Amino acid sequence: LQSGTEGAITEDMKALIVLCVLCAAFVASAEVRPPAVAGAFYTNEPEGLKSQVEEMLAAADAGEKHPAARALVVPHAGFVFSGPTAAKAYARLPVEGVHRIVLLGPSHHFGFRGGAVPATGRTGFATPLGTMALDLDAIGKLRGLDLFDGPAEAHAAEHSLEVQLPFLQIAAPQAKLVPILVGSNTDAASCVEMAR
């Protein structure tokens, strides 16, 4: 910084202020996992995505009625391939009363045993429709268990959970999320223990 400029903001000080603002914005946005496959597995245009999901859910809900589901098994490919099938599952969610969603999906990029929960400090997962809040209490309890100590960084580029989020943001907008990636080295006994 230049000396002898008391009371005046120099160009160096302006640059430092801008740098501090940018760093603060990066730290704040690091709390939310950004979408990794928007624009590839589904559209990254918010209004188009909302319309597409609403149309798939409406088409899936037309015709025969089924009781509300407590658990779903849903595909995780791109919407063009599996969107209508996923919508048939999500159309069975209760209209009200869904407060927590435990979302399990395979890790395609990291091999480990058990589950991986998001990193400490992560507060939400984003899509073009906005941010879905995480259930931090539930995740914190899981984080303390041996079978849920998989690598948090496995969530960064993973699509298996992300492609579920637009459906959940429309079908269960008040729900908080417990996203768990399951490693390929997880055997049946570990799955039973994780469920328990």
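Residues numbered from 1 in each chain as written. Predicted model: local features only at pLDDT ≥ 70, side-chain atom pairs only at ≥ 80, totals over all residues. Heavy atoms only, no water.

**So, the sheet that holds strand β6 (residues 176-182)**
Reasoning step 1: The strand order β2-β6-β3 describes an open sheet built from three strands, whose pairing is mixed. A strand with exactly one partner marks an edge of an open sheet, and here the two such strands are β2 (100-106) and β3 (115-116).
Reasoning step 2: In terms of strand pairing, β3 meets β6 through two bridges, oriented antiparallel. Considered in β6, the bridge of A116 is made with L181. (Pairing = 2+ DSSP bridges. Helix = DSSP H or I, 4+ residues; strand = E, 2+ residues; numbered from the N terminus.)

**Notes on the sheet that holds strand β5 (residues 130-133)**
Reasoning step 1: Strand order in the open sheet made by the three strands is β1-β4-β5, with mixed pairing throughout. Edge positions in the sheet fall to β1 (32-33) and β5, since each has one partner strand and no second.
Reasoning step 2: Alignment of strand β4 (residues 124-127) against β5, held across four bridges, turns out to be antiparallel. Along β5, the bridge assignment pairs F125 with M132.

**Notes on the packing of helix α2 (residues 46-61) against helix α3 (residues 79-90)**
Reasoning step 1: Taken N-terminus to C-terminus, the directions of α2 and α3 make an angle of 55 degrees; their axes are 8 Å apart at the nearest point. As far as their axial angle goes, α3 and α2 are oblique. Seen along the crossing, α2 lies across α3 with a hand that is right-handed. Note on element contacts: α3 touches α2 through F79, G83, P84, A87, K88 and Y90, opposite L49, Q52, V53, M56, L57 and A60. (Axes fitted to C-alpha atoms, helices over the stretch in contact; angles between N-to-C directions. Parallel < 35°, antiparallel > 145°, perpendicular 65-115°, else oblique. Left-handed = near helix turned anticlockwise from the far one by under 90°. Contact = heavy atoms within 4.5 Å.)

**Some points on the confidence of the model for the protein**
Close reading of the predicted structure is inappropriate where its pLDDT is low.
Reasoning step 1: When pLDDT is averaged along the protein, the result is 89, and 84% of the positions lie at 70 or above.
Reasoning step 2: Counted against residues more than four places away or in other chains, residues 21-29, with its pLDDT under 50, gives zero contacts. (pLDDT = per-residue confidence, 0-100.)

**With respect to the side chain of H159**
Reasoning step 1: With respect to the helices and strands, the residue H159 is situated in the loop between α4 (136-143) and α5 (165-171).
Reasoning step 2: Those residues in contact with H159 that sit more than four places away from it in its chain are V37, F41, H76 and H108.

**What to know about α4**
Reasoning step 1: Along α4, the residues that are buried comprise A138, I139 and L142. Buried residues of α4 fall within an arc of 95 degrees about the axis and therefore sit on the same side. Of the exposed residues in α4, the ones pointing more than 90 degrees away from its buried face are D137 and K141.
Reasoning step 2: On its buried face, α4 sits against β2 and β6. (Buried < 20%, exposed > 50% of the residue type's maximum accessible area, 1.4 Å probe, protein only. Arc of directions from axis to C-beta.)

**Things to note about the side chain of R33**
Reasoning step 1: Positionally, R33 belongs in strand β1.
Reasoning step 2: Apart from the residues within four sequence positions on either side, R33 is in contact with R122, G124, F125, A126, H155, A156, A157, E158 and E162.

**With respect to the packing of aromatic side chains**
Reasoning step 1: Under the counting rule described, the total for this entry stands at three aromatic pairs.
Reasoning step 2: Relative to F167, the ring of F79 has its centre 5.0 Å away and its plane inclined at 50 degrees; by these criteria the two rings are tilted. Of this pair, F79 sits in helix α3 while F167 sits in helix α5, placing them 88 residues apart in sequence.
Reasoning step 3: A relative accessible area of 1% places F167 in the buried class.
Reasoning step 4: In this structure an aromatic cluster arises from ring pairing among Y42, F79, Y90 and F167.
Reasoning step 5: For R33, the ring lying beneath its charged end belongs to F125, and the centroid distance is 5.4 Å. (Phe/Tyr/Trp six-rings, centres within 6.5 Å; stacked < 30°, edge-to-face > 60°. Lys NZ or Arg CZ within 6 Å of the ring centre and 35° of its normal.)

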